[in-house]
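Here are the chains, one letter per residue:
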Amino acid sequence: MISSTGKLHEFISPSITTKQLFDLYQKTVGVDLWNSHYEKMQEQLRKLKDVNRNLRREIRQRMGESLNDLNYEQLEELMENVDNSLNLIRERKYKVIGNQIETFKKKVRNVEEIHRNLLLEFDARQEDPYGGLVEQGGDYNSMLGFPNGGRILALQLQPNNHHHHLHSGGGSDITTFGLA
């Protein structure tokens with residue numbers, strides 16, 4: 001606490017609250033701290049309410065409402081603001097569309113690359129369209145293909161046996177080949 005003569009005084013007491021201390025100070029000095037603080041808060045609240053009201057009116061006007069209060073110059077200004085906003089939105093829209101086009105172009109290039117590779121692979125297997133999936137001497141008619149990206153199963157009939165066996169060589173009784 002600083003006295004009117006400029007001397008610093010400390011005042012600490014566990015039995016007194018901060019509010020009581022301020023009240024005592026106000027009574028001694030003769031100043032209403034709470035009232036001035038309250039008035040400042042009220043003034044701040046009034047300013048915020050004005051800003052809020054103006055923003056709400058501007059939003060309504062940009063939506064084409066509450067236009068009766070505007071004169072010709074204000075209407076011209078509003079039109080210019082809306083046009084500027086529209087141009088910015090269009091620029092952003094075209095940028096988004098451009099990005100989407102680039103993404104789709106990359107996807108198309110990917111698919112074209114896969115197609116080229118498949119054609120090359122097909123050309124390499126012209127003599128043997130099944131690409132040697134069945135061992136030498138096997139019966140191509142015994143191959144089963146499953147659609148929709150399934151698997152190809154190679155079946156081979158053993159010449160010295162009357163039963164069908166799933167065969168691929170290498171000790172395993174069955175081999176499946178994934179289709180890309």
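In this text the structure is predicted, and so the values were computed from the model without any measurement. (Residues numbered from 1 in each chain as written. Predicted model: local features only at pLDDT ≥ 70, side-chain atom pairs only at ≥ 80, totals over all residues. Heavy atoms only, no water.)

> So what exactly am I meant to see when it comes to the overall build of the protein here?
Check the secondary structure of the protein and you find three helices and four strands. In the protein, the order of α-helices and β-strands from amino to carboxyl end is α-α-α-β-β-β-β. Taking all 180 residues of the protein together, the buried fraction comes to 7%. Of all intrachain contacts in the protein linking residues separated by at least 6 positions in sequence, the fraction that spans at least 24 positions is 16%. Total accessible area on the protein is roughly 15,900 Å²; 57% of this is exposed by carbon and sulfur atoms. (Helix = DSSP H or I, 4+ residues; strand = E, 2+ residues; numbered from the N terminus. Buried < 20%, exposed > 50% of the residue type's maximum accessible area, 1.4 Å probe, protein only. Contact = heavy atoms within 4.5 Å. Areas by Shrake-Rupley, 256 points an atom, 1.4 Å probe, with all protein chains shown as cover.)

> I would appreciate a short explanation of a nonpolar patch on the surface in the present structure.
A contiguous nonpolar surface patch, about 290 Å² in accessible area, is contributed by Tyr94, Ile97 and Ile101. Within the secondary structure, Ile97 is located in helix α3 (residues 72-124). (Patch = residues over 30% accessible without salt bridge, like charges linked within 9 Å, V, L, I, M, F, W, Y side chains within 5 Å. Salt bridge = Lys/Arg side-chain N within 4 Å of Asp/Glu carboxyl O.)

> Please clarify how a negative patch on the surface should be interpreted in this entry.
A contiguous patch of negative charge on the surface is contributed by Glu73, Glu76, Glu77, Glu80 and Asp83. Turning to its location among the elements, Glu77 is positioned in helix α3. (Lys, Arg positive; Asp, Glu negative; His and termini not counted. Charge placed at Lys NZ, Arg CZ, Asp CG, Glu CD.)

> Sorry, what's going on with the pattern of salt bridges here?
When the charged atoms of two side chains lie near each other, side chains of opposite charge can form a pair. Summed over all chains, the structure comprises six salt bridges. For Arg53, the salt bridge is made with Asp50, and the minimal N-O distance between the two is 2.2 Å. Pair noted here: Arg53 and Asp50 are both in helix α2 (residues 33-62), with a separation of three residues, about one helical turn. Exposure remark for Arg53: the relative accessible area of 47% places this residue in the partly exposed category. Here Arg125 makes a salt bridge to Glu121, at a shortest N to O gap of 3.4 Å. Judged by its relative accessible area of 34%, Arg125 falls in the partly exposed class. Owing to a relative accessible area of 41%, Glu121 belongs among the partly exposed residues under this scheme.

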